[in-house]
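Coordinates in review
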Amino acid sequence: MIELDKTDHIIVRALMRDARVTSKALGEKLGLSQPATWRRIKRLKDSGVISGRRLRLDREKLGLGVTVFLGVKLATKRRVSLEDFERAVSAIPEVLSVEHVLGLYDYRLKVVATDIPDFERVLRRRIMTLPGAGEVEANVLLSEERRPGPI
Amino acid sequence: MLDDVDRRILRQYQAAPDASVAEIAERCALTAASCWRRLEKLESNGVILGHEAVVDWQALGFAVEVSLRITLDKTQTTAFDEFIAKARNVAEVLEIQTFLGKVDVRLSVIARDMAHYQEVYRAHILTLPHIADIEALMHIARIKSDEALPI
């Protein structure tokens, strides 16, 4: 496993805020040369600590006013049904993320929709009809914040 | 506000956030200049909020991820604010979300291993104010995590 020092931590935090910051600008802030900063960033990427880049979009401005988290329990838990369920649920465009969890539910889904009636349509036509889907619990997202995490 | 060309650009950009403006323009059959102008506009009116590096916490040795679904004691009017303010101080908390539904708040918590998780849970989570009930979901696997919006 890769060991990170304090400077790496600052670099990771800076890239989490803005992935487009140049190694030159970042280096100047840290008192490092551009090549030294670039090498550190490359090491973070090569080791998989920084696994990619994501575009942050304003969901509401795109007309997606509702985000709902669904807890889904499977009705049957054979191996085949898990795979069928996972394949089918991942193919739904309104489903942003699918997590296999252990506890009260089997899967946790993040779903977006234009409004509540649209969400109801997605839920009834796409989620409830999934192979193996059983009990579903819905919680409408009111606010969300990401924290920098333990670095 | 957004036309089909804007949506096409966002779809391509979302699928390949590392791509250059020239590459995005080519995929959308636009000139680089007009693609660049549209991207500028999408940023200035806040549709594109930014670019963030995605950190793989597992690569940093955080093997355990738990989703804590928390019900608060809402007889206290300040319960939400006080809970969230304190939760922000816990380094291992990656996400704080508030909901309308059965669950009030959800915390995404990471830890190095189960022993570390137990330590975080006892010392930093259970001591948060106004908790009425906690349910834990342990992450097993991410099936879909690109978070790509249906644009």
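Residues numbered from 1 in each chain as written. Chains lettered and ligands numbered in written order. Predicted model: local features only at pLDDT ≥ 70, side-chain atom pairs only at ≥ 80, totals over all residues.

**Structural notes on the overall build of chain A**
Condition: Note on conventions: DSSP H or I runs of at least 4 residues are helices, E runs of at least 2 residues are strands, and numbering of each starts at the N terminus. Based on C-alpha atoms, the radius of gyration is set beside the globule rule, defined as 2.2 Å times the residue count to the power 0.38. Three exposure classes are used, all based on how many other C-beta atoms lie within 10 Å of a residue's own C-beta (placed from the backbone): buried at 20 or more, exposed at 12 or fewer, and partly exposed between those limits.
If you tally the helices and strands in chain A, you get 5 helices and 5 strands. Along the chain direction, N to C, the helices and strands of chain A fall in the order α-α-α-β-β-α-β-β-α-β. Over its C-alpha atoms chain A spans a radius of gyration of 20 Å, topping by over 25% the 15 Å that the globule rule assigns to 151 residues. Referenced to the eigenvectors of the C-alpha coordinate spread, the extents of chain A come out at roughly 55 × 35 × 25 Å. Taken over 151 residues, chain A has a buried fraction of 28%.

**Regarding the packing of helix 2 (residues 23-30) of chain A against helix 3 (residues 34-46) of chain A**
Residue and element names in this part refer to chain A. Formally: Note on method: axes are straight lines fitted to C-alpha atoms, helices fitted across the in-contact stretch only, with angles between N-to-C directions ranging 0 to 180 degrees. Under this scheme an angle from 65 to 115 degrees is roughly perpendicular, one under 35 degrees roughly parallel, and one over 145 degrees roughly antiparallel; angles in between are oblique. Here, residue contact means that the backbone-derived C-beta atoms of the two residues sit within 7 Å. As a working rule, the residues Ala, Val, Leu, Ile, Met, Phe, Trp, Tyr, Cys and Pro are called nonpolar, Asp, Glu, Lys and Arg charged, and the rest polar, with Gly in that last group.
Two elements in contact, helix 2 and helix 3, have axes whose closest approach is 8 Å; the angle formed by their N-to-C orientations is 105 degrees. What the angle tells us is that helix 2 and helix 3 run roughly perpendicular. Packed against helix 2, whose contacting residues are Ser-23, Lys-24, Leu-26, Gly-27 and Leu-30, the element helix 3 presents Gln-34, Ala-36, Thr-37, Trp-38 and Ile-41 at the interface. When the residues that make up the contact of helix 2 with helix 3 are grouped by side-chain class, the tally is 5 nonpolar, 4 polar and 1 charged.

**Looking at the sheet that holds strand 3 (residues 93-100) of chain B**
Hydrogen bonds between backbone groups are what pair the strands of a sheet, and the pairing can be parallel or antiparallel. For clarity, the threshold we go by: One bridge is not enough; two strands pair if DSSP finds at least two bridges between them.
Around the barrel, 8 strands lie side by side as 2(A)-4(A)-3(A)-5(B)-2(B)-4(B)-3(B)-5(A); this closed barrel has antiparallel pairing. Between one strand axis and the next, the sheet turns by 35 degrees as a mean value, whatever way the strands run. Along the sheet face, helix 5 (residues 116-127) of chain A touches strand 2 (66-74), strand 4 (107-113) and strand 5 (133-146) of chain A and points at about 135 degrees away from the line of strand 4 of chain A. Sheet strands in contact with helix 5 (residues 114-125) of chain B are strand 2 (64-72) and strand 4 (105-111) of chain B, and its direction is about 140 degrees off that of strand 4 of chain B.

**With respect to the interface of chain A and chain B**
Contacts between the two partners involve 54 residues from chain A and, on the opposite side, 52 residues from chain B. Taken together, the elements giving at least two residues each to the side of chain A that touches chain B come down to helix 1 (6-17), strand 1 (50-57), helix 4 (79-90), strand 3 (95-102), strand 4 and strand 5 of chain A. Counting residues per element, the side of chain A that touches chain B draws most heavily on strand 5 of chain A, at 10 residues. Per-class residue counts for the side of chain A that touches chain B are 26 nonpolar, 11 polar and 17 charged. Where strand 5 of chain A lies against strand 3 of chain B, 6 bridges are found, and the strand directions are antiparallel. Among the inter-strand pairings, Glu-144 of chain A is bridged to a residue of strand 3 of chain B, identified as Gln-97 of chain B.

**What to know about the domain arrangement of chain B**
One widely used convention gives an interface's size as the accessible area the parts lose upon coming together. Operational definition: In this document the domain limits rely on a domain assignment from an automatic tool or a database.
When its domains are assigned, chain B resolves into domain 1 (4-44) and domain 2 (57-138). Here the C-alpha centroids of domain 1 of chain B and domain 2 of chain B sit 38 Å apart.

**Comments concerning the packing of helix 1 of chain A against helix 3 of chain A**
Residues and elements named next belong to chain A. For the pair helix 1 and helix 3, interaxial distance at closest approach is 11 Å and the crossing angle is 75 degrees. By the angle class used here, helix 1 and helix 3 are roughly perpendicular. Side by side, helix 1 and helix 3 meet where Thr-7, Asp-8, Ile-11 and Val-12 of the first sit next to Arg-40, Ile-41 and Leu-44 of the second. When its residues are assigned to classes, the contact of helix 1 with helix 3 shows 4 nonpolar, 1 polar and 2 charged.

**Regarding the nonpolar core**
Note the following rule: Put simply, a nonpolar core is buried Ala, Val, Leu, Ile, Met, Phe, Trp, Tyr and Cys residues tied into one set by C-beta atoms within 7 Å.
Counting 56 residues, the largest nonpolar core has Leu-109 and Val-111 of chain A together with Val-109 of chain B as the members making the most contacts within it. Each residue touching Val-109 of chain B, except ones within four places of it in the same chain, is listed here: Val-66, Leu-68, Glu-92, Val-93, Val-120 and Ile-125 of chain B. Counting residues in hydrophobic clusters, the runner-up holds 10 residues, among them Tyr-13, Ala-25, Val-47 and Ile-48 of chain B.

**Things to note about the environment of Ala-22 of chain B**
All names here are of chain B. Within the fold, Ala-22 resides in helix 2 (residues 21-27). You can call Ala-22 exposed: it has 12 C-beta atoms within 10 Å. Linking Ala-22 and Ala-33, residues 11 residues apart in sequence, is a C-alpha distance of 8.6 Å.

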